[in-house]
Amino acid sequence: MEIKKTAIAGTLESSDIQITVSKGNDGVKINLTSDVKERFGKSIIRTIEEIVNKFGLENINIKAVDQGALDCVIKARTITAIQRSLGTSEEPDWEVL
């Protein structure tokens, strides 16, 4: 699968995360901004990478702005942003879920 367009999911509200997905050239790049990056950054990035791997994406840029989101919210926002960027929002890949 290949990214067709830039897409965003989530908000900048407390307890949420905003995920922006765009086409990349050099593998999987994740840029995380978070007040809790020092403590939970590795876990947040690992969760995002897990979803990217399930979609089988090799060239993708992800910007994540975390506001204290739980793991389930991070997964949901990442899946939504990727599906929007692939143009598969209407027909989701249920195996990824």
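Residues numbered from 1 in each chain as written. Predicted model: local features only at pLDDT ≥ 70, side-chain atom pairs only at ≥ 80, totals over all residues. Heavy atoms only, no water.

Draft legend 1. Seen up close, the sheet that holds strand 4 (residues 60-66). The mixed open sheet is built from four strands, whose spatial order is 1-2-4-3. Strand pairing shows two members of the sheet lacking a second neighbour, strand 1 (7-9) and strand 3 (28-34), which therefore form its edges. Pairs of neighbouring strands in the sheet enclose a mean axial angle of 15°, with direction left out of account. Most of the contacts of helix 1 (residues 37-55) go to strand 3, to which it runs at about 145°, and overall it touches strand 2 (17-23), strand 3 and strand 4. (Pairing = 2+ DSSP bridges. Helix = DSSP H or I, 4+ residues; strand = E, 2+ residues; numbered from the N terminus. Axes fitted to C-alpha atoms, helices over the stretch in contact; angles between N-to-C directions. Contact = heavy atoms within 4.5 Å.)

Draft legend 2. Quick peek at the pattern of salt bridges. In total, this model carries five salt bridges according to the counting rule given. Measuring nitrogen to oxygen at the nearest pair gives 3.7 Å for the salt bridge that ties Lys75 to Asp71. Here Lys75 pairs with Asp71, and both are found in helix 2 (residues 71-86), just four residues apart, close to one helical turn. A residue is classified by how much of its surface remains accessible, and Asp71, at 36% relative accessible area, is partly exposed. Taken together, the salt bridges that share partners define one network made up of Glu50, Lys54, Asp71 and Lys75. (Salt bridge = Lys/Arg side-chain N within 4 Å of Asp/Glu carboxyl O. Buried < 20%, exposed > 50% of the residue type's maximum accessible area, 1.4 Å probe, protein only.)

Draft legend 3. Molecular detail of the environment of Ile62. Relative to the assigned elements, Ile62 resides in strand 4. Residue Ile62 is classed as buried on the basis of its relative accessible area of 3%. For the pair Ile62 and Lys29, spaced 33 residues apart in the sequence, the C-alpha separation amounts to 6.1 Å.

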